[in-house]
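# Chain and residue survey
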Amino acid sequence: MSGLETAIRQALERSERANSETRARIYQSARNALEAGLKKQDVHDPDVIAQQRHRLEGVIHAIELEERASLKAAASVPPPVRAETANIPVPSAELDHDISMPSERNAQPADSPVADGGLSGLRPERRDGPRVAEPASAEPVAGKRGRAAKGEAAAKPRRRKRGSFLSFVMVITTLVAAAVMGAWWVETSGLLKTAAERDTSVANPPSTVQSEDFDGAAGLKTLGPQAGFSGDWVDVFTPADTSNVKADSRAAADPVGDERGQRLRITSATADADGNVSIEIPASVLEQISGKTSTVALSVQADTGKQTQFSVECDFSSLGDCGRHRFTVNEEKNDMLFKVTFDRSLAPSSPGRILINSDVTGTGNSLSVYAVRILPGQ
């Protein structure tokens, strides 16, 4: 422990030992050095560690008593009065007694089996900045403290300026981030879009007419819906008379009457011929369209909230067929029209058929048929 005491005293000689804060830092450095030395020597016995700490505190206590006694003795001797400072009162030195020391009974003998742990390299913690040499005359401690306080006060405005600049930068950054977030929200929320652009609902597609190329006669053509029918149209089917309707093995044709009116509800379980429903066409009507280009119209409607694709084929006895037509219809009632052309002038002697499949996708959607009409050509 004698080496540790020597290190403390040497550190005090190289520092401003009149300052109680400087002495306190030196004492704390000695404590830290003791702890580091005990760890370095792998000392883990609590009793030995406590004993070494008590001895160090005893040494610190003894040194501090000596330092305070020296300061009191120096304060009692008046400093020499200079000519230029004869009328200036000499401030009295005030000692700082904030350092707590253990009682003398805690002090332990200086001999110990544990080495000092390399404490000879102990150096006091110094303040930032160059040291000012003391004048020949002993200057009171209070004067040094006053100069240090002035130096710290002069440095404070700089810190305030840096803090103000950082605060300004933070405010600008926050405002810019808020503006960017606001612009992003306006862009993504669709606030600038028109009502039509914001409407993301799925519009019901209009009824379309499609024609397939296979098994069709030359010049086959489909037409769009037609509103209203003149007296030249011939009714070949009405829901009031279903005697000329026949369903194949995987199809159903049921007459229905409700608030939507009288109609024939066709349901096909398959897209092939077994799912067809046939409507008979009288031979007298076939005679009117023989050798001419005529128009066939079907008034149809899908189930509420649904859409279906249905197909129409013709079997007009000796006149031949009309190919296969495919239409898409929704829950709105529509008239689907297509043209048929027969070059033969020989009138058939037997009736023909119109074949309807309610769902060419085979999913079993139903189709309501309100009427089937033919407009003979001129």
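Structure shown above.
These numbers come from a predicted model, not from an experiment. (Residues numbered from 1 in each chain as written. Predicted model: local features only at pLDDT ≥ 70, side-chain atom pairs only at ≥ 80, totals over all residues. Heavy atoms only, no water.)

Counting 34 residues, the largest nonpolar core has Phe310, Phe316, Phe338 and Ile356 as its most contacted members. The residues contacting Ile356, other than those within four sequence positions of it, are Ile266, Ser268, Gly275, Asn276, Val277, Ile279, Leu298, Phe310, Ser311, Leu367 and Val369. With 15 residues, the next largest nonpolar core counts Ile8, Ala30, Leu38 and Val43 among its residues. (Core = buried A, V, L, I, M, F, W, Y, C linked by side-chain atoms within 4.5 Å. Buried < 20%, exposed > 50% of the residue type's maximum accessible area, 1.4 Å probe, protein only. Contact = heavy atoms within 4.5 Å.)

Our next topic: the pairing of strand E10 (residues 324-329). In terms of burial, E10 is a largely internal element, 5 of the 6 residues being buried. In this structure, strand E9 (residues 308-315) lies alongside E10, joined through 6 bridges in antiparallel fashion. Opposite Val312, over in E10, you have His325 as the bridge partner. (Helix = DSSP H or I, 4+ residues; strand = E, 2+ residues; numbered from the N terminus. Pairing = 2+ DSSP bridges.)

Okay, the state of the cysteines next. Scanning the entire structure with this criterion turns up 1 disulfide. Here Cys314 is linked by a disulfide to Cys322, with a sulfur-sulfur distance of 1.9 Å. Its S-S torsion of approximately 80° makes the covalent link between Cys314 and Cys322 right-handed. The class for Cys322 is buried, based on a relative accessible area of 3%. (Disulfide = S-S within 2.5 Å.)

One pass over the full model with this rule turns up 11 salt bridges. Salt-bridge contacts for Arg9 lead to Glu5; the nearest nitrogen and oxygen are separated by 3.2 Å. One end of the pair is Arg9 and the other is Glu5, both in helix H1 (residues 2-13) and 4 residues apart, which spans about a single turn. Note on Glu5: relative accessible area 27%, which makes it partly exposed. In the salt-bridge network here, residues are joined through shared partners; they are Glu5, Arg9 and Glu66. (Salt bridge = Lys/Arg side-chain N within 4 Å of Asp/Glu carboxyl O.)

Each aromatic ring pair is described using two quantities: the centre-to-centre distance and the angle formed by the ring planes. All chains considered together, the criterion is met by 3 aromatic pairs. Taken together, a centroid distance of 6.3 Å and an interplanar angle of 35° make the contact between Phe327 and Phe338 tilted. Note that Phe327 is positioned in strand E10 and Phe338 in strand E11 (residues 334-341), a separation of 11 residues in sequence. Residue Phe327 shares its accessibility class with Phe338, and that shared class is buried. These aromatic residues form a ring-pair network of at least three members: Phe310, Phe327 and Phe338. (Phe/Tyr/Trp six-rings, centres within 6.5 Å; stacked < 30°, edge-to-face > 60°.)

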